[in-house]
Amino acid sequence: MDDPLLSAALAARRHAFAPFSKFQVGAALQDSDGRIHTGCNVENATYGLTLCAERVAVFKAISEGVRQFRRIAVAADTEDLTPPCGACRQILWEFCGDLEILLVNPRGKTETCRLRELFPKPFDVRYL
Ligand code: THU
């Protein structure tokens, strides 16, 4: 894996706590200084409390004072590469804007897009 962001997302996936769905996801968010903040999905017996890998990565970074982001990589074991869910698109938009998104699976298949393509008409603070 050439891009360290892809390797970081695949490595983070190995920490997934997903005993209920067995669907393991990793995320790696790169900030404007190049630093990488990782996350994995963390499930809960009260299913609705589950946090996706992307949101864990964003909240970890935000909680450390980081506010500018470049790219995020999302890793899951699917052939049709797994994109961020709707809730994560909203959070990514609010904290990261039109982020570059890299999708990857453990066999090295990758795909790149921008958040705007996945989330063309976001609700955000401008409407409040
Ligand atoms: N999941 C993520 O972590 N990120 C996504 O973008 C899609 C879904 C997790 C949540 C849950 O733990 C499992 O995958 C199945 O939905």
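Data block above holds the structure.
Please read these numbers as outputs of a predicted model, since none were measured by experiment. (Residues numbered from 1 in each chain as written. Predicted model: local features only at pLDDT ≥ 70, side-chain atom pairs only at ≥ 80, totals over all residues. Heavy atoms only, no water.)

Next up on the list: the overall build of the chain. Along the backbone of the chain there are four helices and five strands. Beginning at the N terminus, the succession of helices and strands in the chain can be written as α-β-β-α-β-α-β-β-α. Overall size of the chain, expressed as C-alpha extent along the three principal axes, is 40 × 40 × 30 Å. For the chain, buried positions account for 47% of its 128 residues. (Helix = DSSP H or I, 4+ residues; strand = E, 2+ residues; numbered from the N terminus. Buried < 20%, exposed > 50% of the residue type's maximum accessible area, 1.4 Å probe, protein only.)

On to the nonpolar core. One finds Leu29, Phe69 and Leu99 to be the most contacted residues of the largest nonpolar core, which totals 24 residues. Elements supplying a minimum of two residues to this core: strand E1 (25-31), helix H2 (53-63), strand E3 (69-76), helix H3 (86-96) and strand E4 (100-104). Each residue touching Phe69, except ones within four places of it in the same chain, is listed here: Leu29, Gln30, Asp31, Ser32, Ala61, Ile62, Phe95, Cys96 and Leu99. Core analysis: the second largest hydrophobic core is formed by 10 residues, Ala8, Ala9, Ala73 and Val104 among them. (Core = buried A, V, L, I, M, F, W, Y, C linked by side-chain atoms within 4.5 Å. Contact = heavy atoms within 4.5 Å.)

With that settled, the discussion passes to the site of the ligand. The full set of residues close to the ligand is Ser21, Phe23, Val25, Asn41, Glu43, Thr50, Cys52, Ala53, Glu54, Pro83, Pro84 and Cys85. One of the side-chain nitrogen or oxygen atoms of Asn41 is found 2.9 Å away from an oxygen atom of the ligand. Between the ligand and Ala53, the relevant distance is 2.9 Å, taken from an oxygen atom to a main-chain nitrogen or oxygen of the residue. Considering the ligand on its own, with 370 Å² of exposed area, one finds that the protein chains cover 79% of that surface. (Near = heavy atom within 4 Å. Polar contact = N/O pair within 3.5 Å; in protein donor to acceptor, adjacent residues only side chain to side chain. Areas by Shrake-Rupley, 256 points an atom, 1.4 Å probe, with all protein chains shown as cover.)

Another point: the packing of aromatic side chains. Counted under the stated rule, the structure contains three aromatic pairs. A ring pair is formed by Phe59 and Phe95, whose centres lie 6.3 Å apart and whose planes are at 90 degrees; its orientation type is edge-to-face. Remark: Phe95 occurs in helix H3 and Phe59 occurs in helix H2; sequence separation between them is 36 residues. Take Phe59: its relative accessible area is 35%, and that puts it in the partly exposed class. Look at Phe95 and you get partly exposed, because its relative accessible area is 34%. (Phe/Tyr/Trp six-rings, centres within 6.5 Å; stacked < 30°, edge-to-face > 60°.)

Looking now at the sheet that holds E1. Pairing is mixed across the open sheet formed by five strands, whose spatial order is E2-E1-E3-E4-E5. A single partner strand is all that each edge strand has here, and the edge strands are strand E2 (36-40) and strand E5 (110-114). Recorded for the sheet is a direction-independent mean angle of 20 degrees between the axes of neighbouring strands. Pairing of E4 with E5 involves five bridges; the strand directions are antiparallel. Bridging across to E5, Leu103 finds its partner in Glu111. Strands in contact with helix H1 (residues 4-13) are E1, E2, E3, E4 and E5; relative to E1, the strand with the most contacts, it is inclined by about 140 degrees. (Pairing = 2+ DSSP bridges. Axes fitted to C-alpha atoms, helices over the stretch in contact; angles between N-to-C directions.)

Further remarks concern the side chain of Asn41. Looking at where Asn41 falls in the secondary structure, it is placed in the loop between E2 and H2. At 2.7 Å, the side chain of Asn41 forms a polar contact with the backbone oxygen of Phe23. Once residues lying within four places of it in the same chain are set aside, the contact partners of Asn41 are Ala16, Phe17, Ala18, Phe23, Gln24, Val25, Leu51, Cys52 and Ala53.

Turning next to the pattern of salt bridges. Applying the stated criterion across every chain, the model contains six salt bridges. Residues Arg126 and Asp124 are paired through a salt bridge, measuring 3.0 Å at the closest nitrogen-oxygen approach. Classification of Arg126 as exposed rests on a relative accessible area of 58%. A residue is classified by how much of its surface remains accessible, and Asp124, at 8% relative accessible area, is buried. (Salt bridge = Lys/Arg side-chain N within 4 Å of Asp/Glu carboxyl O.)

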